[in-house]
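# Coordinates in review
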Amino acid sequence: MNAVTTIAKGVLKELIRRKDFYLILALLVCLVLFASSVSFGGEKGFQRYFKEVGITLSYIFSVIISATFGSRQVPQEIESKTIYPILARPVSRFEFITGKFFGVWIVSILSFTAYYSVFVLVLWLRGDRMTPVPLIAEGYYLHCLLLGIITAFTVFLSMALSAAANSVIVMILYFSTNWFGLTFPAYIVWPHPELFDIKEKIIHTQDIVPFWAMAFLTVYAVFYISIFLMSSLAVFKKKIL
Amino acid sequence: MDIKTVLRIKDLSVIYTDGQKTKKALDNISFELHKGEIIGLLGPNGAGKTTLIKTLLGFLEFKDGEVEFFGQKKYSKNIRAKIGFMPEIANYPWFLTPAEILDMFGRISGMRKNEIPERIENTLKTVELYEQRNDLVKSFSKGMQERLNLAQAILHDPELLILDEPFSGLDPIGRIKARGILTGLRDKGKTLLLSSHELSEAELMCDKICIISRGKVLHFGAIGDILHGKGETSLENYFISIIGDGK
């Protein structure tokens, strides 16, 4: 467990020292402030439009962080040869992959927290008191679960793909499945990101998601995370380093 | 087996499969390392030195032969905690400082939390990077990266140190200092296995050498036997005489 947390902490330091996170945060702040300064359709119309823009941006930007960080972790360690002294230590390949996964997931959640907070803060400052806090919290929680699935899938692809190819494929899959849906047979086996997207509920200030549905989605996410992580490990165990 | 035997390799063979073709990367390699020895693994490019090291460290699988560390066939976590490995030219993350990198290696090596800071300080002083302990690695020269590479390998005070081309990237002064550190470790009873192209360095510091070519051991023995017993004037002459053109 010590090895897993140590490796995960390394990924966290990467987030703090790299410029990616700050650049995206600055871009998001600019876009959110710009969106908040536009006025049309009355106060109700504005809030709907602003929620749509704010949530969409925080979703997309956190997925970008997850895909870019997740895709480069393992290839970067192999290319720089730092994987050898790590795995020569009492660290199993399972611990290495798990540490990288949790590190990237935490990094994605932290980024999303920052991006989502900017949106919620500006929404609150603009006088929105109608959107239930539990609904905003549910939106946050469900997207964190989705980031777990995306991270695990990205780590899996990184066993075979370069960082650039991996990021592009993950982004394409995210947008295509979330926006256009899936057809048979992918519909059966592939995870459904749209299940974790309750943006419409937040925009139209609908009822909160019932507990049983939240519990189901948690199990659903854990199932896919486990599948992708186990597949990553199966490939990584056989990988000639 | 002698209790002082740190590493025993017996009839080790590694076969690569590339499509239809199979290539024997290591062919019946056998030798032993004893406590307090420095053994130089010498050979031309593609001889199998790095393959042997990767096999010993469990990065490559082998079907034939035996490998025993400290008298045990199982390459357990306890065994791995006693081994330090320095790969050939590793580029450590530019966004970390040497102190942070060594802290990470200390933790994954199973060192006690309270002993890590002191060991980091001592190790950085040994490799002369203490002044730069809080600088980001991105500001480091190639030689400094190599010293950091050595630092991570010796941090947890391993019984056996495996080094792949430890002198590459070092200037002459850096080499002299690295040689001093490595022979100092030998004097403390540590065992070292190092692969190198630098025959002069090997001649100066190794107790024994293992010359391999095309995956086979061509010579294994004490340096003194070559220079005195076989009447060679230098290790380089002997190396060339048995390797030929290396093809």
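Residues numbered from 1 in each chain as written. Chains lettered and ligands numbered in written order. Predicted model: local features only at pLDDT ≥ 70, side-chain atom pairs only at ≥ 80, totals over all residues. Heavy atoms only, no water.

Time to look at the overall build of chain A. Scanning chain A from N- to C-terminus turns up ten helices and zero strands. Secondary structure elements of chain A, listed N to C terminal, follow the sequence α-α-α-α-α-α-α-α-α-α. Rg of the C-alpha trace for chain A: 19 Å, near the compact-globule value of 18 Å for 241 residues, within the 12% margin. Seen along its three principal axes, the alpha-carbon backbone of chain A occupies a region of about 65 × 40 × 30 Å. Across the 241 residues in chain A, those meeting the buried criterion constitute 52%. Where the 20 positive side-chain charges of chain A centre and where its 13 negative ones centre are 10 Å apart. (Helix = DSSP H or I, 4+ residues; strand = E, 2+ residues; numbered from the N terminus. Rg over C-alpha atoms; globule rule 2.2 N^0.38 Å. Buried < 20%, exposed > 50% of the residue type's maximum accessible area, 1.4 Å probe, protein only. Lys, Arg positive; Asp, Glu negative; His and termini not counted. Charge placed at Lys NZ, Arg CZ, Asp CG, Glu CD.)

The subject of this paragraph is the interface of chain B and chain A. Opposite the 31 residues of chain B that make contact, chain A presents 25 residues. Taking both partners together, chain B and chain A bury about 2,600 Å²; carbon and sulfur atoms supply 60% of that area. Considering only the surface of chain B that becomes buried against chain A, F59(B), F95(B) and I108(B) emerge as the three largest contributors, covering 28% of it. On the surface where chain B and chain A come into contact, there are two salt bridges. The interface formed by chain B and chain A holds 14 residue pairs in polar contact (both at pLDDT 80 or more) in total. Of all the secondary-structure elements, those providing two or more residues to the side of chain B that touches chain A are α2 (77-80), α3 (98-108) and α5 (142-154) of chain B. At five residues, the largest contribution of residues to the side of chain B that touches chain A is made by α3(B). (Contact = heavy atoms within 4.5 Å. Buried area = accessible area lost by both parts, 1.4 Å probe. Salt bridge = Lys/Arg side-chain N within 4 Å of Asp/Glu carboxyl O. Polar contact = N/O pair within 3.5 Å; in protein donor to acceptor, adjacent residues only side chain to side chain.)

What follows is about the sheet that holds strand β7 (residues 191-196) of chain B. Residue and element names in this part refer to chain B. The sheet built from six strands is open, its strands ordered β5-β6-β7-β3-β8-β9 with mixed pairing. Lying at the two open borders of the sheet, with one neighbouring strand each, are β5 (83-86) and β9 (216-222). Taken pair by pair, the neighbouring strands of this sheet meet at an average axis angle of 15 degrees, ignoring direction. Bridge analysis of strand β3 (residues 38-42) against strand β8 (residues 208-213) gives four bridges, and the strand direction is parallel. (Pairing = 2+ DSSP bridges. Axes fitted to C-alpha atoms, helices over the stretch in contact; angles between N-to-C directions.)

What follows concerns the pattern of salt bridges. Side chains bearing opposite charge may pair, as long as their charged atoms lie close to each other. Following the criterion strictly, the structure yields 23 salt bridges over all chains and no others. Where E77(A) meets K100(A), a salt bridge forms, and the shortest distance between an N and an O atom there is 2.7 Å. Placement of the pair is E77(A) in helix α3 (residues 42-79) and K100(A) in helix α5 (residues 93-125), with a sequence separation of 23 residues. Residues E37(B) and K208(B) are paired through a salt bridge, measuring 2.9 Å at the closest nitrogen-oxygen approach. Within this pair, whereas E37(B) is found in the loop between β2 (21-34) and β3, its partner K208(B) is found in strand β8, the two being separated by 171 residues in sequence. As far as burial versus exposure is concerned, E37(B) and K208(B) are alike and both buried. Taken together, the salt bridges that share partners define one network made up of E14(A), R18(A), D20(A) and R72(A).

Quick look at the layout of surface pockets now. Put simply, the largest pocket is a space of about 940 Å³. Those elements that place two or more of their residues in the lining of the largest pocket are α5 and α10 (211-238) of chain A together with β1 (5-18), α1 (49-56) and β4 (64-69) of chain B. Of the residues forming the lining of the largest pocket, the biggest block, five residues, is contributed by β1(B). Of the residues belonging to the lining of the largest pocket, the class tally is 16 nonpolar, six polar and ten charged. Roughly 340 Å³ of volume is contained in the second largest pocket. For the second largest pocket, the lining is made up of 22 residues, of which Q76(A), E77(A), T82(A), P93(B) and F95(B) are closest to its centre. If you list the elements that add at least two residues to the lining of the second largest pocket, you get α1 (2-17), α3 and α5 of chain A together with α3 of chain B. With four residues, α1(A) is the largest single contributor of residues to the lining of the second largest pocket. (1 Å grid on protein atoms, 1.4 Å probe; cavity = no way out; pocket = protein on both sides within 12 Å on 5 of 7 lines; lining within 4 Å. Points joined across faces, edges and corners; volume = space filled by probe spheres on them. Nonpolar A, V, L, I, M, F, W, Y, C, P; charged D, E, K, R; others polar.)

This part is about α1(B). All names here are of chain B. Across the eight residues of α1, six count as buried, placing the element largely inside the fold. Along α1, the positions that sit buried rather than exposed are K49, T51, L52, I53, T55 and L56. Immediately beyond the C-terminal end of α1, within one or two residues, lies G58, with a positive phi of roughly 85 degrees.

Before going further, it helps to examine the confidence of the model for chain A. Here chain A shows a mean pLDDT of 90. Residues at 70 or above account for 98%. Ranking the elements of chain A by mean pLDDT puts helix α8 (residues 186-189) of chain A last, at 74, and helix α6 (residues 133-157) of chain A first, at 96. (pLDDT = per-residue confidence, 0-100.)

What follows is about the pairing of strand β6 (residues 160-164) of chain B. Residues and elements named next belong to chain B. Burial runs high along β6: five of the five residues are buried. Going residue by residue along β6, you find L160, I162 and D164 tucked away on one face and L161 and L163 tucked away on the opposite face as well. Here β5 pairs with β6 via four bridges, running parallel. Paired with G84 across the bridge in β6 is L161.

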